Amino acid sequence: MRPVTVPTTDVNSQYAVLVDWLVTDGAPVRRGEPVAEVETSKSVIEVDAPSDGFLLHAVSTGADFELTAPIAHLFDTLDDLERRRRDREVARHAPAVHDEPGRAYRATRSAESLATEH
């Protein structure tokens, strides 16, 4: 898994908005292919794929995000991408675990049993 980030060479902003995905989620991309458009406080930037692979969106269209965070991830195979999607879905539906007052964490059942065991 390789991150796709916004080039920040001439950007003075800390946050941006993802304006449009130019490639659908799960699609194959080639190095240098434009994959998204993002808007900072001063400009619209086209983001290119840093390498060949299958693209998994990490930010939704219209969402604000921190420029240091990846907007997507590239995978070598479609199977790797699908495995990551399944893992995210399982984690999203995992029950919250409270180990400090007011603070919750999400964990899968297997992670909970390992934590209990150790």
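Residues numbered from 1 in each chain as written. Predicted model: local features only at pLDDT ≥ 70, side-chain atom pairs only at ≥ 80, totals over all residues. Heavy atoms only, no water.

Glancing now at the side chain of His-57. Along the chain, His-57 turns up in strand 6 (residues 53-57). Judged by its relative accessible area of 17%, His-57 is buried. Reaching out from His-57, the side chain makes a polar contact with the backbone oxygen of Val-23 at a distance of 3.0 Å. Once residues lying within four places of it in the same chain are set aside, the contact partners of His-57 are Trp-21, Val-23, Thr-24, Asp-25, Ile-71, Ala-72 and Arg-88. (Helix = DSSP H or I, 4+ residues; strand = E, 2+ residues; numbered from the N terminus. Buried < 20%, exposed > 50% of the residue type's maximum accessible area, 1.4 Å probe, protein only. Polar contact = N/O pair within 3.5 Å; in protein donor to acceptor, adjacent residues only side chain to side chain. Contact = heavy atoms within 4.5 Å.)

Turning our attention to the pattern of salt bridges. Going through the model one piece at a time under the given rule, you end up with five salt bridges. Two residues, Asp-52 and Arg-30, come together in a salt bridge whose shortest N-O distance is 2.9 Å. One end of the pair, Asp-52, is in the loop between strand 5 (44-48) and strand 6; the other, Arg-30, is in the loop between strand 3 (28-29) and strand 4 (34-39), with 22 residues separating them in the sequence. Asp-52 gets classed as partly exposed once you look at its relative accessible area, which sits at 38%. Judged by its relative accessible area of 55%, Arg-30 falls in the exposed class. Taking the shortest distance from any N to any O, the salt bridge between Arg-85 and Glu-82 comes out at 2.8 Å. Of this pair, Arg-85 and Glu-82 both sit in helix 1 (residues 78-92), three residues apart, which is roughly one turn of the helix. Overall, the relative accessible area of 25% leaves Arg-85 in the partly exposed class. With relative accessibility at 28%, the residue Glu-82 sits in the partly exposed group. Taken together, the shared-partner salt bridges connect Asp-25, Glu-82 and Arg-85 into one network. (Salt bridge = Lys/Arg side-chain N within 4 Å of Asp/Glu carboxyl O.)

Read these as spatial facts, not as claims about activity.
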